[in-house]
Structure formats: structure tokens, C-alpha cells
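Structural overview
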Amino acid sequence: MPTTTTRAVPAHTTEARPRRRPRGSRTLTFWLFTGPFLIGLAVFVYIPIGWSLYLSFFEARFTVTPSEFVGLGNYREILSDSGFMGSLGTFTVFAAFIVPTTWALSLGLALLVNRLRFMRAFYRSVFFLPTACSYVAASLIWKMSLFNGVRFGLANTVLGLFGVDDTAWLASPDPPWYWLVVITARLWLQSGFYMILFLAALQNIPRELYEAAAIDGAGPGWQTFRHITLPQLRATSSAVILLLLVAAYQAFDEFFNLLSKTTWGRPPLVELYYTALGQDQNYGKGSAGAVVLTVLICAVTLFQGRIMGFGSREESK
């Protein structure tokens, strides 16, 4: 009796495939999320920058509405202003102290935290915590509690234990003790942030490099740091120095709150603040100074990036 064979029909799965959203819906979602940010960026950043550039070519006193076209007159006036040029000298002194000291302190903290075998997260948080503090609040603490000019300040109290007379830290430029106050305040505020950058870079260095160095007889101290750690941190060091230079140009809060209305020790932004909002309220001249400062920041940034090789093809390998 012949047997009949039945062909097995493959069972088709009915799994639901994810439906792709229409292109128009994705575009709408993108603009809904980024639109408010772009609007805020244009209103509070790009439009003021453009208006400041436009205002720098006009006479504008006691008003932000241009009244008379003066061409490059505001630029000639700001570049011949002894106060503004002196503020650039103040920045040079400030940057000469704050950039290398912050770089060294941040790298040192990162090396110490990276070597810890326990409580690493705790110490990382402790050193990073001052970054969240307001520059204004820190400046007032430094001025009224730590470096108060009377005997109740912490610094004078400690020095008094060794028979040192009270020091007026912020009262006079001779001797310039105010630099100690300004630099220590900024070191405390920003070293933790750059420590995190160095710490992330240290943790990305392959351990095989240190093992190979140990096999070749390199010591675990200065030799390893000089020939392995420091070269591997070149990109991070370039970025940190770049950020420190830009931040030094933009120094305002600590100088303004520590030195109040003194005519000495003013960085460029404080000098421009008094130019635009002082007795004359010369917004045209202040805008010209802001443009000059912006161009100077861009030039120094590009030059420093060129010297350090930041962003070059060899650096990205």
C-alpha cells in the first residue's frame, strides 16, 4: 500500500519588527530638544557679541544705542589707555603664577589619588568639591576669614604664634601680598577640576608600558614618570594649559571681590567693567576693549595649541 508523504510547511514567525519613526517626526524631536538651547545661545551669547562688535565703532556713552560713527577711534583710545594696558600686564603676572602652579598641583593630586588602593572615590570627591563653590563666596571667605587684615584673620593668627606682626594682605600693592590671596583662592577653586582630567588620563595609560619599563630596569619613581607617564599625558596637559590660559584671561570674580575698587591689581575684565560701567559709562570704548581681549585670547590659544601640538595628526595617533 503506497504511503503518502506530507511536506512540512515551515512555520513563519510573526515577530514584530521595530517600526522606524518617520523622518519628519525625528526632525521635530531634534528641534524640540535643541531649539530652546540654540535660542538661548543666540539671545544671550551671539547677539550680544555681534552688538558689542558693532558698538565698538560708535560713540556710545551712558547708553547702548550708538550715536556717532567713530571708526577705529575707540580702538585707538583703548590701546593708548594706561589702565587697560596695565591690566594686560597684571594678567601676565597672574598667568605666570596660576598656570604652572595649577598644572603642577592638579597633576600631583591626580598622581596621589591614582595610587590609592582604598577610599579613592572619597578623596576624589573631597578634592573636586571646591569646584562647585561660588567664586564670589570663596573670595569673601578668603577676604573676611582667612586673610583678614586684623588679628582675627586665620593667617594673621597663625603668624602671630611665631611673633609675626599683623599683615594687611589686601590694603597695599607694596608689598604685593594680595597676589598670595588671589592665587591661593583660585588654586583651591579650580585644582580639583583639572585633577579629574589628569586622573582620567592616568587611568587610560596601558599597564603594559609600566611592566615593560620594569623589565627593562626602569625605577618606579622619576624615571617612569618622566619617560612614560608624562609623555602619555601630553594631550591632557595641552588641554589643561589651554583652559588655564583662557580662564586666566577671564578672571573677574576674585579680583573684583577681593580688591574692591582699588586702582591696582585689575585684570582686563575688571578694567573693562569700570570702563563701561564706571563714571563715564563709555560702552563704545568698553566694547572695543572686549573685542581686543577676544582677539588676544584667540591668538594666544592658537599659538599655544601650535606650540604644544594640540590637535595635530601625530597627537591624535
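Residues numbered from 1 in each chain as written. Predicted model: local features only at pLDDT ≥ 70, side-chain atom pairs only at ≥ 80, totals over all residues. Heavy atoms only, no water.

Any aromatic ring pair is given by two values, namely how distant the centres are and how the planes are angled relative to each other. Inspection of every chain in the model, using the stated rule, returns 22 aromatic pairs. Taking the centre distance of 5.1 Å and the plane angle of 75° together, the rings of Phe-193 and Tyr-194 count as edge-to-face. Grouping aromatic residues by their ring pairs yields a cluster made of Trp-51, Tyr-54, Phe-58 and Phe-69. Looking at Arg-266, its charged tip hangs above the ring of Tyr-274, at a distance of 4.1 Å from the centre. (Phe/Tyr/Trp six-rings, centres within 6.5 Å; stacked < 30°, edge-to-face > 60°. Lys NZ or Arg CZ within 6 Å of the ring centre and 35° of its normal.)

Axis angle and axis distance: for two packed helices, these are the angle between their axes and the distance between the axes, and together they describe the pair. The geometry of helix α3 (residues 82-115) relative to helix α4 (residues 120-128) is characterised by a closest axis approach of 9 Å and an angle of 160° between their N-to-C directions. One finds that α3 runs roughly antiparallel with respect to α4. In this structure, α3 meets α4 at a crossing whose hand is right-handed. Contacts from Leu-109, Val-113 and Asn-114 in α3 reach Arg-120, Arg-124 and Phe-127 in α4. Counted by class, the contact of α3 with α4 contains 3 nonpolar, 1 polar and 2 charged residues. (Axes fitted to C-alpha atoms, helices over the stretch in contact; angles between N-to-C directions. Helix = DSSP H or I, 4+ residues; strand = E, 2+ residues; numbered from the N terminus. Parallel < 35°, antiparallel > 145°, perpendicular 65-115°, else oblique. Left-handed = near helix turned anticlockwise from the far one by under 90°. Contact = heavy atoms within 4.5 Å. Nonpolar A, V, L, I, M, F, W, Y, C, P; charged D, E, K, R; others polar.)

Turning to the pattern of salt bridges, a few remarks are in order. Per the stated rule, a full pass over the model turns up 5 salt bridges. In this structure, the salt-bridge partner of Glu-254 is Arg-186, at a minimum N-O distance of 2.5 Å. With Glu-254 in helix α11 (residues 253-259) and Arg-186 in helix α7 (residues 178-203), this residue pair connects regions lying 68 residues apart in the sequence. Of the two residues examined, Glu-254 and Arg-186, each falls in the buried class. The network of salt bridges with common partners includes Glu-77, Asp-81 and Lys-285. (Salt bridge = Lys/Arg side-chain N within 4 Å of Asp/Glu carboxyl O. Buried < 20%, exposed > 50% of the residue type's maximum accessible area, 1.4 Å probe, protein only.)

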